[in-house]
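Residues per chain, in single letters:
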Amino acid sequence: MAVLNILNYPDPRLHTVAKPVKEVDANIRRLINDMTETMYAAPGIGLAATQVNQHIQLLIIDTSETKDALQVFINPKIIEKNGERAFEEGCLSVPGVYESVTRAETVKVEALNRHGEKFTLHAEGLLSVCIQHEMDHLLGKVFVEYLSPLKRSRIKNKMLKLSRQK
């Protein structure tokens, strides 16, 4: 397993729309393992393949306190949304930035697991927010795009300044 490089906003590669996974094979499972190590090392609770410059429909999430409840979503689709709730979000691609974003309160998602088996999951609270946030990455969208142009501009300038300091 390896810790992968996470793309930082405003890297244009974060705006690439991910393609469906054709086959869940050893390469996909290796990527899942590397993404898992990367997410836990960051540390984070969710990571989309887009964030590690792999433009396929794959995301992982672990919202548990003990970091032992990894969930894998391959080719995820939200099939139902209910309610609305504002939640403070952060992102491994926008380190140190936390802003309130309004999303559906609950979602029902259909996806494949790491073995290529189809499953359906009803999510609420943090898990629901996390699924929607990570799925946005697969569509080429970063959470700061929900913010006002002024806030987005300030965050972009902050991120560019940080990247120059590295």
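Quick note: structure is the one above.
Residues numbered from 1 in each chain as written. Predicted model: local features only at pLDDT ≥ 70, side-chain atom pairs only at ≥ 80, totals over all residues. Heavy atoms only, no water.

Caption draft 1: Spatial organisation of the overall build of the protein. Per the secondary structure count, the protein includes three helices and seven strands. Order of helices (α) and strands (β) in the protein, N terminus to C terminus: α-β-β-β-β-β-β-β-α-α. For the C-alpha atoms alone, the extent of the protein along its principal axes is close to 45 × 40 × 30 Å. When burial is assessed residue by residue, the protein has 44% of its 166 residues classed as buried. Taking the intrachain contacts of the protein between residues at least 6 apart in sequence as the baseline, contacts between residues at least 24 apart amount to 64%. Element-wise, carbon and sulfur atoms account for 50% of the exposed surface of the protein, whose accessible area totals about 8800 Å². Looking at the protein, you have 22 positive and 20 negative side-chain charges, and the mean spots of the two groups are 8 Å apart. (Helix = DSSP H or I, 4+ residues; strand = E, 2+ residues; numbered from the N terminus. Buried < 20%, exposed > 50% of the residue type's maximum accessible area, 1.4 Å probe, protein only. Contact = heavy atoms within 4.5 Å. Areas by Shrake-Rupley, 256 points an atom, 1.4 Å probe, with all protein chains shown as cover. Lys, Arg positive; Asp, Glu negative; His and termini not counted. Charge placed at Lys NZ, Arg CZ, Asp CG, Glu CD.)

Caption draft 2: Examining the environment of methionine 1 more closely. Note on placement: methionine 1 falls in the segment before helix H1 (26–41). Methionine 1 sits in the exposed class, given a relative accessible area of 71%. Separated by 26 residues in the primary sequence, methionine 1 and asparagine 27 have C-alpha atoms spaced 12 Å apart. Discounting chain neighbours no more than four positions away, the residues touching methionine 1 are Asn33, Asp34 and Glu37.

Caption draft 3: Spotlight on the nonpolar core. Leu59, Ile61, Phe73, Val109, Leu121, Leu127 and Ile131 are the most contacted members of the largest nonpolar core, which has 16 residues in total. When residues of this core are traced back to their parent elements, those giving at least two are strand S2 (58–61), strand S6 (106–112), strand S7 (118–124) and helix H2 (125–138). With five residues, the single largest contributor to this core is H2. Excluding residues within four positions of it along the chain, leucine 59 makes contact with Met35, Leu47, Ala48, Gln71, Val72, Phe73, Pro76, Glu134, Met135 and Leu138. Residues Leu31, Leu47, Ala49 and Val52 belong to the second largest nonpolar core, which totals 15 residues. (Core = buried A, V, L, I, M, F, W, Y, C linked by side-chain atoms within 4.5 Å.)

Caption draft 4: Spatial organisation of H1. When the terminal C-alpha atoms of H1 are compared, their 22 Å separation across 16 residues agrees well with the 22 Å that a helix rising 1.5 Å per residue should span. All of the buried residues in H1 are Ile28, Leu31, Ile32, Asp34, Met35, Thr36, Thr38 and Met39. Buried residues in H1 make contact with strand S1 (46–48), S2 and strand S3 (71–82). (Expected span 1.5 Å × (residues − 1).)

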